Each structure stands twice: as C-alpha cells, then as structure tokens.
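Coordinate inspection notes
Each chain is listed here by its residues.
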Amino acid sequence: MQVPRNWRLQKQRYSLIGEVCEHCGVKLFPPRDVCPECSHGAQTLYQFTGIGNIHSFSQVFDPPNGHIENTPFIVALIKLEEGPMITAQLTDIDIEQVEIGMEVEMVTRKMSDDGVEGMIVYGYKFRPPVVD
Ligand SMILES: [Zn+2]
C-alpha cells in the first residue's frame, strides 16, 4: 500500500510534534519519552493538529525575567483536541474577546521579533481561527 507521505509536509512547520504511547495510545505534549498513564516508554513521534479549546486564561502584567515590552499579554491553558493540555500565549486577540471553550489554532511566530522568548518555550502561540 502506498502511503502519501508528502502531502502534509508543507503544513508541518505549523504543527506541534509530540509523542504517542504505543502501549495505551495516550498522546503526549510536550514530548517526555515516558507515558504518564502507564509508565511505558513513549518515543513515537506524533503530529498534533494544533487545534484546541481554551480551558482557562489569564492576563500577565508582571512577567518573570524582564519581559516588559509586550505586557500585558494573555496566557491560556489550552486543551488540544487530541487530549493534552498545554500552556501558551495567545496572539491576535484582545482579552475582552477571549472566552472559555473558544477554539484556537496554533501559529508559529519568530521569537526573536517578539522579544519574549522566555515565555514561548516552544516557539508557538495560539490565535482564534481566521474567519473569512
Ligand atoms: Zn501509555
């Protein structure tokens, strides 16, 4: 059987790479190589869609390590559609527009341009899906 391997490559840089536990099927992000559910090794790479929902959020006025220039900014706990919860900064949205349960999508941003590399550990932010 021929599996089309290349059709997604263009999208790959916009995607989250984590891991999947082949023992119990739990998907991990960020990658940690050991399944938190069953303690088996989990080193099989898994590509997340980058789509999730806002579980909670807060506005950061006093960030650690001197990230002053971009304050305040919004940090959200996001539940990915595959299950894992991750913390990430929101972008392209005002705090008044953020709602619990709102769907968001991952975007990659140049951390050096943002000057807040300490907060964006993995180089991504989340934003509301673009509506035409
Ligand atoms: Zn497992």
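Preceding this section is the structure that the text describes.
Below, the structure is looked at part by part. Keep in mind that what you see is a predicted model, and the values were worked out from it rather than measured.

In this structure, Leu16, Ile78, Leu80, Ile86, Leu90, Tyr124 and Phe126 are the most contacted members of the largest nonpolar core, which totals 17 residues. The set of elements that each furnish at least two residues to this core consists of strand 5 (73-80), strand 6 (85-90), strand 7 (103-108) and strand 8 (124-127). If you count residues domain by domain, this core takes at least three from each of domain 1 (13-48) and domain 2 (51-127). Residues within four places of Tyr124 in sequence aside, it is in contact with Leu16, Phe29, Ile86, Thr87, Ala88, Met106, Val107 and Thr108.

Next up on the list: the coordination of the zinc ion. At 2.2 to 2.3 Å from the zinc ion lie its protein donor atoms, namely Cys21 (SG), Cys24 (SG), Cys35 (SG) and Cys38 (SG). What the 4 donor atoms of the zinc ion show is an angle range of 106 to 117° at the metal, which sorts the shape as tetrahedral. Every donor residue of the zinc ion comes from the same chain, spaced as C-x2-C-x10-C-x2-C. For Cys35, a relative accessible area of 2% translates into the label buried. The partly exposed category is assigned to Cys38, whose relative accessible area is 22%.

Looking at the secondary structure, you find Ile93 in the loop between strand 6 and strand 7. On the basis of relative accessible area, Ile93 is assigned to the buried category, the value being 14%. Separated by 19 residues in the primary sequence, Ile93 and Ile74 have C-alpha atoms spaced 8.8 Å apart. For Ile93, the residues in contact, after removing those within four places along its chain, are Ile74, Val98, Met102 and Pro128.

This part is about the sheet that holds strand 1 (residues 16-20). On the basis of which strands lie adjacent, the open sheet formed by 3 strands has the order 2-1-3 and antiparallel pairing. Taken across any chain shown, the strands that pair with only one partner, and hence form the sheet edges, are strand 2 (27-28) and strand 3 (44-48). With 5 bridges joining them, strand 1 and strand 3 adopt antiparallel strand pairing. The partner of Gly18 across the bridge, within strand 3, is Tyr46.

About the thresholds
- Residues numbered from 1 in each chain as written.
- Predicted model: local features only at pLDDT ≥ 70, side-chain atom pairs only at ≥ 80, totals over all residues.
- Heavy atoms only, no water.
- Core = buried A, V, L, I, M, F, W, Y, C linked by side-chain atoms within 4.5 Å.
- Buried < 20%, exposed > 50% of the residue type's maximum accessible area, 1.4 Å probe, protein only.
- Helix = DSSP H or I, 4+ residues; strand = E, 2+ residues; numbered from the N terminus.
- Domains from an automatic or database assignment.
- Contact = heavy atoms within 4.5 Å.
- Donors = N, O, S within 2.8 Å, 3.2 Å for Na, K, Ca; no water.
- Tetrahedral: all angles 85-135°; square planar, octahedral: opposite > 155°, others 65-115°.
- Pairing = 2+ DSSP bridges.

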